[in-house]
Amino acid sequence: MKKTFFILPALISLLITSTELLAFPKHNPVPGGLALIPINIDLKPKVFFNKHPVAIISKDNQSFALVGIPLDTNAGKKSIQIKWPNKTTENREFEVKAKTYEAQYLTIKNKRKVNPNAKDLERIKKERIRKSKARKYWSDTTVNTDLIIPVAGRISSIFGLRRFFNNQARRPHSGLDIAAPEGTPILAVEAGTVIETGDFFFSGNMVYIDHGQGVISMYAHMSRVDVKIGDIVEKGQIIGAVGETGRVTGPHLHLGIYVNQTLVDPTFLLPELKISTK
Ligand SMILES: [Zn+2]
């Protein structure tokens with residue numbers, strides 16, 4: 001009986017510790033993953049990967065370059081460039097490990113969403129420019145990466161799946177899908193500024209939120225959007241609701257996370273989720 005008294009506080013503290021660890025981005029240097037590279041920021045260096053500026057995050061007096069690794073990266077040695085104030089550039093190497101992603105076959109009823117017509121292609125072209133602008137957004141503020149899960153739901157599709165729509169190969173799945181009934185509120189994963197919203201051909205109604213230093217969250221297929229460009233949102237604020245707009249097989253939130261202009265697996269930044277794919 002006495003033993004329980006000692007075990008219980010120990011268990012509680014263990015739970016709290018692991019929650020804290022889970023909220024911090026996880027070092028997982030694979031294609032579509034993240035590398036956390038320790039760095040001394042006393043001299044305020046600037047860090048680049050593939051020529052894109054890289055966010056610097058800190059925890060317990062240690063700072064890290066938070067490097068997003070593109071999904072099409074081959075395994076092997078890569079390097080970040082650290083630019084010091086005295087104009088010298090240091091290359092720091094890290095190893096990207098191989099990762100194999102499964103294939104996923106989906107049937108889309110609206111065939112135009114798989115094979116768009118000429119008018120659709122015009123629209124898609126314009127939307128690509130807007131998306132690219134949002135992806136490249138940079139603000140020199142402190143970045144918070146203690147993300148929360150944006151929707152109460154079930155994971156219906158994981159990041160990185162090699163996708164086939166109506167048996168035709170398309171780009172791999174670049175986000176995390178959380179299925180929930182239409183109208184379920186969507187929460188901002190972190191505090192930030194709304195930098196883009198609109199109705200897009202493939203993504204449906206969507207929102208981009210800048211969280212600082214190139215860390216950007218993107219929400220797609222929404223039934224409604226409750227925010228507008230320039231809005232400052234709190235972490236956990238309702239920004240809209242789950243829907244099935246754009247290219248979908250049912251109502252869900254598609255969550256994308258950009259780090260140095262690269263879409264990475266959101267699960268490496270989110271608290272642990274129970275995965276129950278269909
Ligand atoms: Zn998706």
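Summary of the structure given here. All values reported here derive from a predicted model rather than from experimental measurement.

Time to look at the sheet that holds strand S8 (residues 103–106). Strands sit in the order S8-S10-S11 across an open sheet of three strands; the sheet is mixed. Looking at which strands have only one partner, the edges of the open sheet turn out to be S8 and strand S11 (168–169). With two bridges connecting them, strand S10 (residues 162–165) and S11 associate as antiparallel partners. Residue pairing across strands places phenylalanine 165 opposite glutamine 168, the latter belonging to S11.

Next up on the list: the coordination of the zinc ion. Taken together, the protein donors to the zinc ion comprise His173 (NE2), Asp177 (OD) and His254 (ND1), at separations of 1.9 to 2.1 Å. Read from N- to C-terminus, the donor residues coordinating the zinc ion fall into the pattern H-x3-D-x76-H. Within this pair, whereas aspartate 177 is found in strand S12 (residues 176–179), its partner histidine 254 is found in strand S19 (residues 252–259), the two being separated by 77 residues in sequence. Note on histidine 254: relative accessible area 9%, which makes it buried.

Before going further, it helps to examine the layout of surface pockets. In this structure, the second largest pocket occupies an estimated 360 Å³ of space. Contributing to the lining of the second largest pocket are 15 residues, with Pro45, Lys46, Ile56, Asp140 and Gln213 lying nearest its centre. Those elements that place two or more of their residues in the lining of the second largest pocket are strand S2 (46–49) and strand S4 (55–59). Grouping the constituent residues of the lining of the second largest pocket by class yields nine nonpolar, three polar and three charged. Two domains each provide a minimum of three residues to the lining of the second largest pocket, namely domain 1 (21–96) and domain 2 (103–268).

The rules behind the values
Residues numbered from 1 in each chain as written. Predicted model: local features only at pLDDT ≥ 70, side-chain atom pairs only at ≥ 80, totals over all residues. Heavy atoms only, no water. Pairing = 2+ DSSP bridges. Helix = DSSP H or I, 4+ residues; strand = E, 2+ residues; numbered from the N terminus. Donors = N, O, S within 2.8 Å, 3.2 Å for Na, K, Ca; no water. Buried < 20%, exposed > 50% of the residue type's maximum accessible area, 1.4 Å probe, protein only. 1 Å grid on protein atoms, 1.4 Å probe; cavity = no way out; pocket = protein on both sides within 12 Å on 5 of 7 lines; lining within 4 Å. Points joined across faces, edges and corners; volume = space filled by probe spheres on them. Nonpolar A, V, L, I, M, F, W, Y, C, P; charged D, E, K, R; others polar. Domains from an automatic or database assignment.

Shape is all these values report; function is a separate question.
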